[in-house]
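Descriptive structure summary
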Amino acid sequence: MTDKPRLKRLVKKKSSKIQIGWQEWCALPKLHIPAIKTKIDTGAKTSALHAWDIDTFHRHGELYVHFMVHPIQRNSRIHCFCTSHVVDKRSIMNTAGHKENRYIITTPITLGSTTWEIEIGLTNRDPLAFRMLLGRDALKGHTLIDPAKTLCQGKMSSRILKKLYTKHHLHTHHHSYPWKT
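Everything in this summary refers to the structure shown in the same document.

1. As for the overall build of the protein chain
Looking only at helices and strands, the protein chain features 3 helices and 11 strands. Within the protein chain, residue pairs in contact and separated by at least 24 positions form 59% of the contacts whose partners lie at least 6 positions apart. Total accessible area on the protein chain stands at roughly 11000 Å², and carbon and sulfur atoms take up 53% of it.

2. A few points about the pairing of strand S8 (residues 99-111)
Of the strand pairs in this sheet, strand S7 (residues 80-93) and S8 are connected by 7 bridges, and their pairing is antiparallel. The partner of Met93 across the bridge, within S8, is Lys99. Pairing analysis gives 8 bridges linking S8 to strand S9 (residues 114-123), with the strands arranged antiparallel. By the bridge assignment, Thr106 is partnered in S9 with Glu119. Between the end of S8 and the start of S9, which pair antiparallel, lie 2 residues, with Gly112 showing a positive phi angle near 65 degrees.

3. Focus on the environment of Glu117
Among the secondary structure elements, Glu117 is positioned in strand S9. Judged by its relative accessible area of 49%, Glu117 falls in the partly exposed class. In this structure the side chain of Glu117 is engaged in a polar contact, spanning 3.4 Å, whose partner is the side chain of Thr106. Within polar-contact distance, the side chain of Glu117 engages the backbone nitrogen of Thr107 at 3.5 Å.

4. Remarks on the nonpolar core
By size, the foremost hydrophobic cluster in this structure holds 36 residues, and its most contacted members are Leu28, Ile33, Leu49, Phe67, Met132 and Leu134. Once residues lying within four places of it in the same chain are set aside, the contact partners of Met132 are Cys26, Leu28, Ile36, Lys37, Thr38, Lys39, Ala48, Leu49, Ile109, Ile118, Ile120 and Arg125.

About the thresholds
- Residues numbered from 1 in each chain as written.
- Predicted model: local features only at pLDDT ≥ 70, side-chain atom pairs only at ≥ 80, totals over all residues.
- Heavy atoms only, no water.
- Helix = DSSP H or I, 4+ residues; strand = E, 2+ residues; numbered from the N terminus.
- Contact = heavy atoms within 4.5 Å.
- Areas by Shrake-Rupley, 256 points an atom, 1.4 Å probe, with all protein chains shown as cover.
- Pairing = 2+ DSSP bridges.
- Buried < 20%, exposed > 50% of the residue type's maximum accessible area, 1.4 Å probe, protein only.
- Polar contact = N/O pair within 3.5 Å; in protein donor to acceptor, adjacent residues only side chain to side chain.
- Core = buried A, V, L, I, M, F, W, Y, C linked by side-chain atoms within 4.5 Å.

Distances and angles like these do not, on their own, reveal function.
Take a look at the structure:
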């Protein structure tokens, strides 16, 4: 006779987590960013997004930020205007080992076919290779990481990127800021 409860314990459950490599393409739909290459960094607690020209304002007594993002590496012509509610302001150690105060926002992230809410710190990542860093708080419970792999959730050609940003009317060639009049 077979011990069914014991067999159930021995059979591995299929994971609902997605497999990712050390870099992946993702989207930030609420921020109207259809594609941004992100570096997976389990050494960082909080995720970081390249943001510049950050400007705060109040709406209904709540703190918000307007900011600009260059979502594509080595391309300063494509930029997105973003607005988000601020959930916190934290002192975070940057890549150089210095503490800096960052506005923290929450936003959905789409990686592969999975979407979930994450916290992101806004910081100028201009000198760094990746426009976004996905830290361990955002990764836990959703991903399995294979650091030997890259772009497990798919590659993105420059042709597709151009179509995505043209389709969403997000790329511009001038510097006009709708919140600065």
